[in-house]
Amino acid sequence: MFKKTLMAMAMGGTLAAGAQAGEIEVMHWWTSGGEARAISVLKEMVEDEGHTWIDFAVAGGGGENAYTVLRSRAVSGNPPAAAQIKGLEIQEWGDLGFLANLDDVADANNWDAQLPTVVADFMKHDGEYVATPVNVHRVNWMWANPAVFESAGVEIPTTMDELWEAADALKAAGVTPIAHGGQAWQDATTFESIVLAVGGADFFEDVFVEHDQDALQSDTMIESLEQFKRVSNYIDQGAPGRDWNVATGMVIRGEAAMQFMGDWAKGEFTAAGLEPGSDYICAPFPGTEDAFTFNIDSLAMFKQPNASSTEAQMAMAGLVLSDEFQQTFNLNKGSIPVRTDMDMSAFDSCAVEAMDTFKSTAANGGLVPSMAHGMSTTSSVQGAIYDTVTEFFNSRSMTAEQAATQMARAIRAAQ
Ligand code: BGC
């Protein structure tokens with residue numbers, strides 16, 4: 001007990017002698033194999049501190065379902081103590097006055113010094129810490145089954161042209177080239193990687209951060225939409241509605257050649273006991289190797305009516321930047337640590353590449369916030385983009401020009 005108290009103090013946790021054990025209800029959408037392994041690390045650490053973890057998992061990749069449930073809980077005056085919310089959504093909850101101030105924990109643990117500014121900024125509302133970051137995901141990845149590529153006699157593509165050549169060859173060999181889940185957020189995840197490949201990082205920001213009307217209706221946007229539409233020629237009939245981890249399973253089992261997904265997909269390969277390089281390949285989405293679309297997961301703390309829950313919240317917040325949590329959580333999750341000073345020797349080649357690219361793009365340009373994962377814009381603009389992207393992807397008659405015009409209008413209306 002004494003050791004634990006000391007450890008808690010060293011880590012800046014607030015569980016000092018005489019502190020109360022509390023309950024902490026944690027809302028999240030980490031329900032796939034890899035995700036569940038990752039969040040259980042935090043649960044164990046919080047329970048080791050003597051607090052009670054109440055798990056509130058709302059299934060649904062990308063978090064749309066969880067956000068809906070969170071809103072109704074908040075409206076009824078009963079939000080969970082902690083919730084997996086991120087990006088600009090944190091600002092929206094902060095504006096509504098729901099979030100607890102974490103500055104004491106942040107000061108005690110030196111968050112300002114430990115976190116890259118790009119990460120810290122997302123965690124603050126009006127200059128105060130209100131959320132704690134757990135990881136950085138890279139979204140612009142492609143996951144491939146090398147045996148499937150080999151049997152079709154094609155190389156892993158590194159450009160968009162090579163992608164379509166490979167997809168044709170795989171299709172001709174009787175393989176499903178792309179494992180896709182037809183859900184709005186997954187469509188948007190693929191779409192934003194294609195925008196990055198076609199237009200580059202500056203164009204990506206013009207469209208998804210600035211919402212520049214000229215860029216939105218430019219030839220580059222139309223070209224991006226056309227390239228995106230081509231994906232639909234290479235997916236199987238079971239795609240509509242499919243969960244992302246089921247699509248990853250298709251690549252794992254060799255039923256499809258590749259998937260375009262953030263590195264939470266790696267958590268599934270890891271949970272299946274597979275090794276990158278030999279059993280599966282992680283490669284940047286074709287044409288985006290010098291860019292990094294970031295998606296930072298975080299837990300925001302909601303103000304609680306009782307002191308013991310507040311205590312448990314602060315204890316949890318004090319744990320997440322520790323070496324132990326950052327390493328174990330991120331090894332399971334597929335992401336990289338939020339702290340760039342971490343020893344990466346326990347991490348695999350995909351994570352080492354992600355960390356290198358995260359640092360180099362932060363220094364030289366190419367680090368862009370994910371639209372599909374709530375980092376670049378408000379939830380209403382994101383929703384407007386999702387709607388057009390999904391409608392266009394599934395439509396038999398909508399042209400890329402029409403989609404570009406519709407998206408530009410929908411964004412303007414949602415701003
Ligand atoms: C989250 C990831 C999660 C993924 C699939 C993303 O928006 O940031 O943590 O694994 O959705 O659910």
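Predicted model, so just to flag it, every value in this text is computed and none were measured. (Residues numbered from 1 in each chain as written. Predicted model: local features only at pLDDT ≥ 70, side-chain atom pairs only at ≥ 80, totals over all residues. Heavy atoms only, no water.)

Undergrad: What is the right way to read the confidence of the model for the protein chain from this model?
TA: Detailed reading of predicted coordinates is not advised where the pLDDT is low. For the protein chain, the mean per-residue pLDDT works out to 95, and 95% of the residues sit at or above 70. Low pLDDT, under 50, characterises residues 1-16; the predicted model gives this stretch 21 contacts beyond four residues in sequence or across chains. (pLDDT = per-residue confidence, 0-100. Contact = heavy atoms within 4.5 Å.)

Undergrad: Explain unusual backbone geometry here, please?
TA: Leave glycine aside and you will find that most residues have negative phi; peptide bonds, for their part, are mostly trans. Positioned with a positive phi, D126 is a non-glycine residue whose angle comes to about 50 degrees. Take D126: it is sitting in the loop between strand 4 (124-125) and strand 5 (128-129). When its relative accessible area of 70% is taken as the criterion, D126 is described as exposed. In this structure, H211 takes a positive phi of about 55 degrees despite not being glycine. (Helix = DSSP H or I, 4+ residues; strand = E, 2+ residues; numbered from the N terminus. Buried < 20%, exposed > 50% of the residue type's maximum accessible area, 1.4 Å probe, protein only.)

Undergrad: Even after reading the chapter, I still don't get the domain arrangement of the protein chain, so can you show me in this structure?
TA: Where interface size is quoted, it is often the accessible area lost as the parts come together. Segmenting the protein chain into domains produces domain 1 (11-137 + 296-350) and domain 2 (141-293 + 361-414). Each of domain 1 and domain 2 has a C-alpha centre, and the two are 28 Å apart. Of the residues lining the interface, 27 residues belong to domain 1; the matching set on domain 2 comes to 26 residues. Carbon and sulfur atoms make up 56% of the area that domain 1 and domain 2 hide from each other, which totals about 2100 Å². (Domains from an automatic or database assignment. Buried area = accessible area lost by both parts, 1.4 Å probe.)

Undergrad: Is there a simple way to explain helix 9 (residues 160-172) in this structure?
TA: Given 3.6 residues per helical turn, the α-helix brings residues three or four places apart onto the same face. For helix 9, which comprises 13 residues, the first-to-last C-alpha distance of 18 Å matches the rise-based estimate of 18 Å (1.5 Å per residue) to within 8%. Within helix 9, the full set of buried residues consists of M160, L163, W164, A166, A167 and L170. Taken end-on, helix 9 shows its buried residues confined to a sector of 165 degrees, consistent with a single buried face. Exposed and oriented more than 90 degrees from the buried face of helix 9 are D161, E165 and A172. Against helix 8 (146-151), strand 8 (176-178), helix 10 (184-208), helix 12 (219-230) and strand 9 (256-260) lie the buried residues of helix 9. With its phi angle positive at about 85 degrees, G174 sits one or two positions after the end of helix 9. (Expected span 1.5 Å × (residues − 1). Arc of directions from axis to C-beta.)

Undergrad: What is the right way to read the site of the ligand from this model?
TA: The immediate surroundings of the ligand are formed by 14 residues, with E35, K86, D297, K333 and H373 found nearest. Within the contact set of the ligand, an oxygen atom lies 3.2 Å away from a side-chain nitrogen or oxygen of W29. With respect to the ligand, the backbone of G62 contributes an N or O atom lying 3.2 Å from an oxygen atom. Protein contacts shield 100% of the accessible area of the ligand, which totals 310 Å² for the unbound molecule. Split by residue class, the shell around the ligand holds 4 nonpolar, 6 polar and 4 charged. (Near = heavy atom within 4 Å. Polar contact = N/O pair within 3.5 Å; in protein donor to acceptor, adjacent residues only side chain to side chain. Areas by Shrake-Rupley, 256 points an atom, 1.4 Å probe, with all protein chains shown as cover. Nonpolar A, V, L, I, M, F, W, Y, C, P; charged D, E, K, R; others polar.)

Undergrad: Can you help me understand the sheet that holds strand 7 (residues 141-144) in this one?
TA: Within a sheet, each strand pairs with its neighbour through backbone hydrogen bonds, oriented either parallel or antiparallel. Read across the open sheet, the 4 strands follow the order 8-9-7-10; overall the sheet is mixed. Across the chains shown, the open sheet's two edge strands, defined by having one partner strand only, are strand 8 and strand 10 (281-284). Neighbour-to-neighbour, the strand axes of this sheet turn through a mean angle of 20 degrees, independent of strand direction. Relative to strand 9, strand 8 runs parallel, the two sharing 2 bridges. Within the sheet, the bridge partner assigned to T176 lies in strand 9 and is A256. Contacts from helix 9 reach strand 8 and strand 9 within the one sheet, and its direction differs from that of strand 9 by about 145 degrees. (Pairing = 2+ DSSP bridges. Axes fitted to C-alpha atoms, helices over the stretch in contact; angles between N-to-C directions.)

Undergrad: I would appreciate a short explanation of empty space enclosed by the protein in the present structure.
TA: The probe, sized like a water molecule, is rolled over the atoms to show the empty space still left. Throughout the structure, instances matching the rule amount to 1 cavity of 30 Å³ or more. In this model, the largest cavity occupies a volume close to 100 Å³. Taken together, 15 residues form the lining of the largest cavity, with W29, E35, G62, W264 and K333 sitting closest to its centre. Each of domain 1 (11-137 + 296-350) and domain 2 (141-293 + 361-414) accounts for three or more of the residues forming the lining of the largest cavity. (1 Å grid on protein atoms, 1.4 Å probe; cavity = no way out; pocket = protein on both sides within 12 Å on 5 of 7 lines; lining within 4 Å. Points joined across faces, edges and corners; volume = space filled by probe spheres on them.)

Undergrad: Mind showing me how you'd approach the side chain of Q382 here?
TA: Residue placement: Q382 occurs in helix 18 (residues 379-394). The exposure class assigned to Q382 is buried, which follows from its relative accessible area of 14%. A polar side-chain atom of Q382 sits 3.1 Å from the main-chain carbonyl oxygen of M371. Once you skip the residues sitting within four places of it in the chain, Q382 turns out to touch M371, A372, H373, G374 and T377.

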